[in-house]
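Examining the three-dimensional arrangement
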Amino acid sequence: MKAIVNSKEFLIKEHTGDGFLFEVNDKPVELDAYTNRNGLLCFLYNNHSYQAELISYNENDKIAVIKLNNARYEVQLKDDTDLLLEKLGILNQSHKVQNIKAPMPGLVLNIIIKEGDVVKKGDGLLVLEAMKMENLIKAQSDGKVKKIHIAKGAKVEKNQDMIEME
């Protein structure tokens, strides 16, 4: 996972076990954390105490505004799917997406929308199975489904047109 905090990038890997154990930019980080009675996340890191409060969260853009010891930070989260789509060059396109292309070879497990549907940025369009993982393909911009070029159960190749938007 990647977190972008006020334009600075951090690569985060979580480890299972007791407490909060992470790697941030390949360096181990361990936190002692708890939630206080006011709902604030309190944690100790390098002998310093911190309080974190979630101010807002935009689910579509995966952007959180948090207050950490009274300083505000904007945090954008990118999971493994977001990073893959970014690497393939189909995430964060500033123009309206006219065609939804397959980001990788795979099998269409489900088509959520139908021709004529109006969708908003972030709405699920279809489920594509690739490398034994189910990937929800989302609308990259608001629009109307003009034409669906694939069917449930179809095999698709990378960059194959799947959905045409208007």
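Everything below is about the structure shown above.
Residues numbered from 1 in each chain as written. Predicted model: local features only at pLDDT ≥ 70, side-chain atom pairs only at ≥ 80, totals over all residues. Heavy atoms only, no water.

1. Considering the nonpolar core
- Within the largest apolar cluster, 19 residues are counted, with the highest numbers of intra-cluster contacts made by M162 and I163.
- Those elements giving two or more residues to this core turn out to be β12 (124-130), β14 (143-148) and β16 (161-165).
- Sorting elements by how many residues they give to this core places β12 first, with 4 residues.
- If we ignore the near neighbours within four places in the chain, the residues touching M162 are I100, K101, A102, P103, L126, I137, K147, I148, H149, I150 and V156.
- Of all hydrophobic cores here, the second largest spans 5 residues; its members include F22, V29, L31 and F43. (Core = buried A, V, L, I, M, F, W, Y, C linked by side-chain atoms within 4.5 Å. Buried < 20%, exposed > 50% of the residue type's maximum accessible area, 1.4 Å probe, protein only. Helix = DSSP H or I, 4+ residues; strand = E, 2+ residues; numbered from the N terminus. Contact = heavy atoms within 4.5 Å.)

2. Observations concerning the sheet that holds strand β13 (residues 133-138)
- Across the sheet, which stays open at both edges, the 4 strands sit in the order β13-β12-β10-β15 with antiparallel pairing between neighbours. Only two strands of the sheet have a single partner each, and these edge strands are β13 and β15 (155-156).
- Pairing analysis gives 6 bridges linking β12 to β13, with the strands arranged antiparallel. Within β13, the residue paired with L128 across the bridge is N135. (Pairing = 2+ DSSP bridges.)

3. Observations regarding the pattern of salt bridges
- On inspection of all chains with the given rule, the structure shows 7 salt bridges.
- We note a salt bridge from K101 to D161, for which the minimum N-O separation is 2.8 Å. Taken together, the residues K101 in strand β9 (residues 99-101) and D161 in strand β16 connect sequence positions 60 residues apart.
- Judged by its relative accessible area of 30%, D161 is partly exposed. (Salt bridge = Lys/Arg side-chain N within 4 Å of Asp/Glu carboxyl O.)

4. Re the packing of aromatic side chains
- Evaluation of the coordinates by the stated rule reveals 1 aromatic pair.
- Aromatic pair F43 and Y50: ring centres 5.3 Å apart, planes at 20 degrees, arrangement stacked. (Phe/Tyr/Trp six-rings, centres within 6.5 Å; stacked < 30°, edge-to-face > 60°.)

5. Details of the layout of surface pockets
- Space inside the largest pocket adds up to approximately 1,000 Å³.
- Taken together, 26 residues line the largest pocket, and the ones lying closest to its centre are V5, I12, L31, F43 and I66.
- Sorting the residues of the lining of the largest pocket by element identifies β1 (2-5), β2 (8-15), β3 (20-24), β4 (27-35), β5 (41-45), β6 (48-58), β7 (63-68) and β8 (71-78) as the ones contributing at least two each.
- Top element by residues in the lining of the largest pocket is β6. It accounts for 4 residues. (1 Å grid on protein atoms, 1.4 Å probe; cavity = no way out; pocket = protein on both sides within 12 Å on 5 of 7 lines; lining within 4 Å. Points joined across faces, edges and corners; volume = space filled by probe spheres on them.)

6. Things to note about the pairing of strand β10 (residues 106-111)
- In terms of strand pairing, β10 meets β15 through 2 bridges, oriented antiparallel. Bridged to G106 within β15 is V156.
- For β10 and β12, the ladder comprises 4 bridges, and the chain directions are antiparallel. What sits directly across from L107, in β12, is E129.

Limitation: the analysis is restricted to geometry and does not speak to function.
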